[in-house]
Amino acid sequence: VDVSKDCDALSKGWPDHLLYKQPISNNFRRNMIFFNCFYKMEHTLCTQFQMLQWLEYAYGDFTGIPGLPEDKYEAAEVVYKAMYAASTPEARLADDFFWQKHHL
């Protein structure tokens, strides 16, 4: 719910002089901004959910660790990024190959 409100506020707050460059798409620009924002946030939230499930399966509950964000999904993202930063170059290569865009 907060994501849709944030994306709605973003689309309504977009400067008008940037929206009205082509007359055909004037009516759809704000909607395009809203749905583009919502799609990106949906992708981010789904990724955080998947990370949380994987981390809880592999390592158990980690939400009581001090210094982590209150939101368990944001905490999962922070924990994963910390684990990635602390990993060896070989482990990063394997992780990049299986889970991220690789440049081969």
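Everything numeric here is computed off the predicted structure, so don't read it as measured data.

A. Focus on the layout of surface pockets. Size it by volume and the largest pocket reaches roughly 710 Å³. Around the largest pocket, the lining comprises 18 residues; the ones closest to its centre are Met51, Tyr80, Asp95, Trp99 and Gln100. For the lining of the largest pocket, the secondary structure elements donating two or more residues are α3 (29–59), α4 (72–86) and α5 (89–99). At seven residues, α3 tops the list of elements feeding residues into the lining of the largest pocket. Of the residues belonging to the lining of the largest pocket, the class tally is seven nonpolar, seven polar and four charged.

B. Expanded view of the packing of aromatic side chains. Scanning the model with the defined rule gives five aromatic pairs in all. Geometrically, the ring pair formed by Phe34 and Phe35 is edge-to-face, given 5.1 Å between the ring centres and 75 degrees between the ring planes. With a centroid separation of 5.9 Å and an interplanar angle of 20 degrees, the aromatic rings of Phe34 and Phe38 are classed as stacked. Of this pair, Phe34 and Phe38 both sit in helix α3, four residues apart, roughly one helical turn. Look at Phe38 and you get partly exposed, because its relative accessible area is 33%. The ring centre of Tyr84 lies 5.5 Å from the NZ or CZ of Arg92, which sits over that ring.

C. Here's a closer look at the state of the cysteines. Under the counting rule described, the total for this entry stands at one disulfide. In this model Cys7 forms its disulfide with Cys37; the gap between the sulfur atoms is 2.2 Å. Taking the torsion about the sulfur-sulfur bond, which here is approximately -70 degrees, the covalent link between Cys7 and Cys37 counts as left-handed. Residue Cys7 is located in helix α1 (residues 2–13), and its partner Cys37 is located in helix α3; the two are separated by 30 residues in the primary sequence. No disulfide involves Cys46; its nearest neighbouring cysteine sulfur is the one of Cys7, lying 13 Å away.

D. Expanded view of the packing of α3 against α4. For the pair α3 and α4, the least separation of the axes is 8 Å and the interaxial angle reads 70 degrees. Accordingly, the angle class assigned to the pair α3 and α4 is roughly perpendicular. Crossing of α3 against α4: the hand is left-handed. On α4, the residues that touch Gln48, Phe49, Met51, Leu52, Trp54, Leu55 and Tyr59 of α3 are Lys72, Tyr73, Glu74, Ala76, Glu77, Val79, Tyr80 and Met83. A breakdown of the residues in the contact of α3 with α4 according to their chemical character gives 11 nonpolar, one polar and three charged.

Cut-off values and rules
- Residues numbered from 1 in each chain as written.
- Predicted model: local features only at pLDDT ≥ 70, side-chain atom pairs only at ≥ 80, totals over all residues.
- Heavy atoms only, no water.
- 1 Å grid on protein atoms, 1.4 Å probe; cavity = no way out; pocket = protein on both sides within 12 Å on 5 of 7 lines; lining within 4 Å.
- Points joined across faces, edges and corners; volume = space filled by probe spheres on them.
- Helix = DSSP H or I, 4+ residues; strand = E, 2+ residues; numbered from the N terminus.
- Nonpolar A, V, L, I, M, F, W, Y, C, P; charged D, E, K, R; others polar.
- Phe/Tyr/Trp six-rings, centres within 6.5 Å; stacked < 30°, edge-to-face > 60°.
- Buried < 20%, exposed > 50% of the residue type's maximum accessible area, 1.4 Å probe, protein only.
- Lys NZ or Arg CZ within 6 Å of the ring centre and 35° of its normal.
- Disulfide = S-S within 2.5 Å.
- Axes fitted to C-alpha atoms, helices over the stretch in contact; angles between N-to-C directions.
- Parallel < 35°, antiparallel > 145°, perpendicular 65-115°, else oblique.
- Left-handed = near helix turned anticlockwise from the far one by under 90°.
- Contact = heavy atoms within 4.5 Å.

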